[in-house]
Amino acid sequence: MDKKEVKLRIAKLRKTIDYHRHLYHVLDRQEISPEILDSLKHELYKLEQQFPDLITPDSPTQRIAGLSLEKFKKIFHKTPMLSLEDVFDKEELYNWEKYLARLEPQKTFEYFCELKIDGFAVALVYEKGNFVCGATRGDGKTGEDVTQNLKTIESIPLKLFPFGGEISQALKNQVEDLIKDSRIEIRGEVYMDNSIFEKVNRERRKNNEPAYANPRNLAAGSIRQLDPQFAAKRRLKFLAYGIATEHGQKKHSEEHQILSCLGFRTDKGTICRNLDEVIRFWDKAFQKRPKLPFQIDGVVVVINDNNLFDKLGVAGKSPRGARALKFPSQKTTTKIKDIKVQVGRTGAITPVAVLEPIRIGGAMVTKATLHNQDEIERLDARIGDTAIIERAGDVIPAVSGILKELRQGNEKKFIMPKLCPACKSELLRPKNEVVLRCPNQRCSQKLGKLLSHFASKKAFNINGLGEKIIDRLIEGNLIQDSADIFNLKEDDLLSLDGFAQKSAKNLIESIQKTKKISFARFIYALGIRHIGEETAVDLANFFGNLENLKKAGIEELSRIHDVGQAMAKSVYDWFRNQENLNLLEKLLKNKIEIFNIPKPKNILSKKRFVVTGTLETMTRQEAHQRVRFLGGEISHEINKGVDFLVVGQNPGSKLDKAKILGVKIISEKEFLSIIHFKEK
Ligand code: IVH
């Protein structure tokens, strides 16, 4: 390709990549697999290396900016970044409206409500549509320049572009004009999904590092790292909630439409004509809070008319025309009545505080986890203590502190038992672990937990088969393993107290309905230690079917992205245990039908590879196998039909030939990322 052609190709690639980025990172949809997107990015990167003068700051290749900074520059906010006055109940909300009515007696008020994301605020500046600078809030007047780090966030567009959506022609014209404006400043919240937060913390606990308190702290910490590689790894997100510059926007709701059309993530929000509607929005948000993938700490309500909002002005550091409607606290104090231990599905013994019942964030709480013996000692938690209980989202409540100053002297220390509370087996504490375990494969409590996990929503999702019923089925000797669930008959259930003809029939029906299951759910359902929902998806995508997963060696498993050593060993061991293999056979005999995944087999479809030289991480044979497994083809010589030449150590003449023919040349490292492997 000559330079002109390259330029065209680069423009096309950027547009396509940006289209799919927006689809995936803003709209949560996907038209092509991430691998294909990576291969497009890779092609772009190669072309830009060839013609460095064609690199522009908005190119997708510039998201992981290379160098780490010495320190952040200070940025002065042209419009101050304010905070919001909190409102905790309806009465305070009505008082706010009375206050507004005193200031503006003539007006009726229209409000706009949206979710209040628990992240941290940043301001993004675009000049003529190009992202030029991003800053933290700081003290509201001056923040820090964190542009480099913000660039790693895929939901922040590097170049503004009217992505469309359902908007009127007038608004569309407005957006097109706005992009051309010399300066646009967007305000919003950087945050982290709960799943990423939990993953990072799991990793930290494993390495004996202190865990982060909440996703907000971790997100804020990541954005304030001087090396942008950190931020890039944390998969942060950005949600826009306002435009700080003047472009003729009349309503806050209009700003939301504009932001979404510009390609930002936004909360759709709702226009409310009165405070009753506001309260309804607040209630609904509170109910959906546990199901959201990120943390929210309330709802923001704003006067929808921008003129009026500006006219109302600022009191102290907060605008008069907006309020943060907070949710009831997720933290409270109560007495620890007792400490008991529970056996988990993998045999882990968890101490649990039995509490004086208390309401936290709308739900009654009677128990809170103390995690393990080390945690009890760290907190110095004793029976009779007054404890701080915290609950985040739908996570189980935990004891997070003890108010020692309230002790009366009769509090009792707790010592972990030596025997399993259910089956009385001697508990073991494996080397380098903080958790005690019950080693008995047939321990009834362990089995109960394992089967509840099997039937749970994210696994087989058997409606009506909860922990209590499972425990009774085990007690009544009606089931001994998960496969037995599928052999249950109505009569079996009728022999248990509390089942009537109808409820028995319903449960059997819902069991039979769940026999078809995706491979990822099936893996998750097995309850293999360390294998959560996400890893189950990774494994399913990688291996495609049970036979492949069964055969996998530790080496292969641990080379999959996001699968650590401990996980790999756990999966490997699970499939080497005869009892587990018998169970699998029994499940399949009971007509469990697993939907295998054809997709990963085809991610390299029609791509032809040649491998030359010695690879470090695998033999050439293995590389060929892997390419074929993913639907790609292997060729032994270079010609125009070859898409990639993978180059190892001491390559031969194939490399020269590839250069002459313009075949794309990739390193082993790049090859590994295409085939989902990580470096050794
Ligand atoms: S509007 C005058 N909308 O809450 C400030 N803020 O307590 C206008 N926040 O600093 C902010 N989600 O970091 C607004 N949908 C949302 C928000 C939101 C989170 C944060 C923001 C602000 C803080 C104020």
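The structure displayed is predicted, hence computed values, not measured ones.

What counts, and where the lines are drawn
Residues numbered from 1 in each chain as written. Predicted model: local features only at pLDDT ≥ 70, side-chain atom pairs only at ≥ 80, totals over all residues. Heavy atoms only, no water. Helix = DSSP H or I, 4+ residues; strand = E, 2+ residues; numbered from the N terminus. Expected span 1.5 Å × (residues − 1). Buried < 20%, exposed > 50% of the residue type's maximum accessible area, 1.4 Å probe, protein only. Arc of directions from axis to C-beta. Contact = heavy atoms within 4.5 Å. Polar contact = N/O pair within 3.5 Å; in protein donor to acceptor, adjacent residues only side chain to side chain. Pairing = 2+ DSSP bridges.

Brief notes about helix α6 (residues 194-206)
(1) Moving on: Taking 1.5 Å per residue as the helical rise, α6 with its 13 residues ought to reach 18 Å, and the 18 Å between its terminal C-alpha atoms agrees with that figure.
(2) Moving on: Considered for burial, the residues of α6 that qualify are Asn-194, Ile-196, Phe-197, Val-200, Asn-201 and Arg-204. Seen end-on, α6 carries its buried residues on one side only, within an arc spanning 165 degrees.
(3) Moving on: Elements in contact with the buried residues of α6: α7 (215-223).

Description of the side chain of Asn-590
(1) Moving on: Assignment of secondary structure puts Asn-590 in the loop between α22 (578-589) and β21 (593-595).
(2) Moving on: The class for Asn-590 is buried, based on a relative accessible area of 12%.
(3) Moving on: For Asn-590, the side chain forms a polar contact with the main-chain oxygen of Ala-483, separated by 2.8 Å.
(4) Moving on: Those residues in contact with Asn-590 that lie beyond four places of it in its chain are Ala-483, Phe-486, Asn-487 and Lys-515.

Structural notes on the sheet that holds strand β13 (residues 322-326)
(1) Moving on: Read across the sheet, five strands follow the order β2-β13-β10-β3-β9 without closing on themselves; strand pairing throughout is mixed. Of all the strands in the sheet, just β2 (86-87) and β9 (270-272) have a single pairing partner and so form its edges.
(2) Moving on: Sheet topology note: the strand β10 (residues 296-303)/β13 ladder contains five bridges and is antiparallel. Looking at β13, one finds that Val-302 is bridged to Ala-322.

As for the pairing of strand β15 (residues 348-360)
(1) Moving on: Sheet topology note: the strand β14 (residues 331-343)/β15 ladder contains seven bridges and is antiparallel. Counterpart to Ile-336 in the pairing with β15 is Leu-355.
(2) Moving on: Here β14 folds back onto β15, and the loop between the two strands holds four residues, one of which, Gly-347, carries a positive phi near 90 degrees.
(3) Moving on: Sheet analysis places β15 next to strand β19 (residues 436-437), joined by two bridges and oriented antiparallel.

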